[in-house]
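Fold and geometry: a report
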Amino acid sequence: MEAVNRVIRLRLHSEVSLVNQIAEYIISAGGKRIRPVLVLLLANAYGYRGTAHHELAAVVEFIHTATLLHDDVVDESSMRRGRQTANAMFGNAASVLVGDFLYSRSFQMMVSLNNMRVMQILSDATNVIAEGEVLQLLNMHDPDVTQESYLTVIRSKTAKLFEAAAQLGALVAGANDAQIEAAGEYGRSLGTAFQLIDDVLDYAGDAAEIGKNVGDDLREGKPTLPLIYLMEYGTPEQRELVRSCIENGDEQHFDAVLAAVTSSGALDYTRREAIVAAERAANAIADLPESEFKQSLLQLCSFAVDRNH
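Under the annotation held in an unreviewed UniProt entry, the protein chain carries the name Octaprenyl diphosphate synthase and is attributed to Massilia agilis. Regarding the protein chain, the relevant UniProt record gives this comment under Sequence similarities (unreviewed entry): "Belongs to the FPP/GGPP synthase family."

Written as structure tokens, this is what we have:
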């Protein structure tokens, strides 16, 4: 990761000072860096001994950071990773444009690797992520979103970049098609587990620990899995409350919604679905040779569902 961070710093540079300032602000905020870690772990698990995985890990982090910049503008978020979002600090226009810079820089880096399969994986992933963002936008303030439709958003918006990161790690190490597909299934399922636990933490987390405002999903009118479950299995009163809150982006009734998702079992159900996804991820790499890297990949499956941030 130190090598990846060096690549990130090197590739971030721009002749435009505001680009440097905002990109540095976002990157230095830290975060879990799970996606670049996946590139490194899968590459090492398959015995890779070069340095191209550092570049690929940085590309994945740039794409992720670009999506965060755009996400926060769309969601009108004010806090991420325990501090002000870039749009809160620098304004929406600058955040969108620097997000564009990070996307285009990541594609410059992809081209420099001169590998068409890398280009295919990352360009497909970037396109699917954009579709997922639009699909989520269509779902906003819609209390009738189904679980299937919501999981499609998760697979597109969140899990796809996890999938691409894992595939790239296997690919750069010379894995065969079946192994690359297995790595992709691992990443896809791990990403799903991560997002579902994020959904839980938005109601049951602590703002200081999760680094963003609790209740943001409700304020934004996002029908996440706990609310979708409640709309299906809650009492008539609970369903009416949730419908109104989703339609109006109403966070004033957050405490009542929290009580409802807790007492109805909606949070427990969402957590169980995350555990199923994490187990699916672990099973996907069952045939991977034993190593400290495989053990770390399995530990990530546990971390995905046991974390509180």
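Moving on to the overall build of the protein chain. Helix and strand content of the protein chain: 16 helices and 2 strands. Considering only C-alpha atoms, the protein chain reaches an extent of 60 × 50 × 30 Å along its principal axes. Expressed as a percentage of its 309 residues, the buried residues of the protein chain come to 53%. In the protein chain, 75% of the contacts between residues at least 6 apart in sequence involve partners at least 24 apart. Surface exposure of the protein chain reaches about 13500 Å², of which carbon and sulfur atoms provide 51%. If you average the places of the 26 positive and of the 42 negative side-chain charges in the protein chain, the two averages end up 6 Å apart.

Among the structural elements, Val145 can be located in the loop between helix 7 (116–139) and helix 8 (147–172). What makes Val145 buried here is its relative accessible area of 7%. Setting aside residues no more than four positions away along its own chain, Val145 makes contact with Asn139, Tyr150, Pro223 and Ile228.

What follows is about helix 6 (residues 92–112). With 21 residues, helix 6 should reach 30 Å at 1.5 Å per residue; the first-to-last C-alpha distance of 31 Å fits that figure. Ala94, Ser95, Val98, Gly99, Phe101, Leu102, Tyr103, Arg105, Ser106, Met109 and Met110 are the residues of helix 6 that are buried. Taken from the residues just after helix 6, Asn114 is the one with a positive phi, measuring 55°.

Taken as a whole and assessed by the stated rule, the structure comprises 17 salt bridges. Here Arg11 makes a salt bridge to Glu55, at a shortest N to O gap of 2.8 Å. On the criterion of sequence distance, the pair formed by Arg11 in helix 1 (residues 2–12) and Glu55 in helix 4 (residues 52–75) is long-range, its members being 44 residues apart. Exposure remark for Glu55: the relative accessible area of 12% places this residue in the buried category. Notably, a salt bridge pairs Arg280 with Glu185, separated by 3.5 Å at the nearest N-O pair. With Arg280 in helix 15 (residues 266–284) and Glu185 in helix 9 (residues 177–204), the pair connects residues that are 95 residues apart, well separated along the chain. Using a relative accessible area of 37% as the deciding quantity, one classes Arg280 as partly exposed. On the basis of relative accessible area, Glu185 is assigned to the partly exposed category, the value being 23%. Taken together, the salt bridges that share partners define one network made up of Lys160, Glu163, Glu181, Glu185, Arg188 and Arg280.

So, how was this worked out
Residues numbered from 1 in each chain as written. Predicted model: local features only at pLDDT ≥ 70, side-chain atom pairs only at ≥ 80, totals over all residues. Heavy atoms only, no water. UniProt positions renumbered as here; feature names shortened; annotations may be inferred. Helix = DSSP H or I, 4+ residues; strand = E, 2+ residues; numbered from the N terminus. Buried < 20%, exposed > 50% of the residue type's maximum accessible area, 1.4 Å probe, protein only. Contact = heavy atoms within 4.5 Å. Areas by Shrake-Rupley, 256 points an atom, 1.4 Å probe, with all protein chains shown as cover. Lys, Arg positive; Asp, Glu negative; His and termini not counted. Charge placed at Lys NZ, Arg CZ, Asp CG, Glu CD. Expected span 1.5 Å × (residues − 1). Salt bridge = Lys/Arg side-chain N within 4 Å of Asp/Glu carboxyl O.

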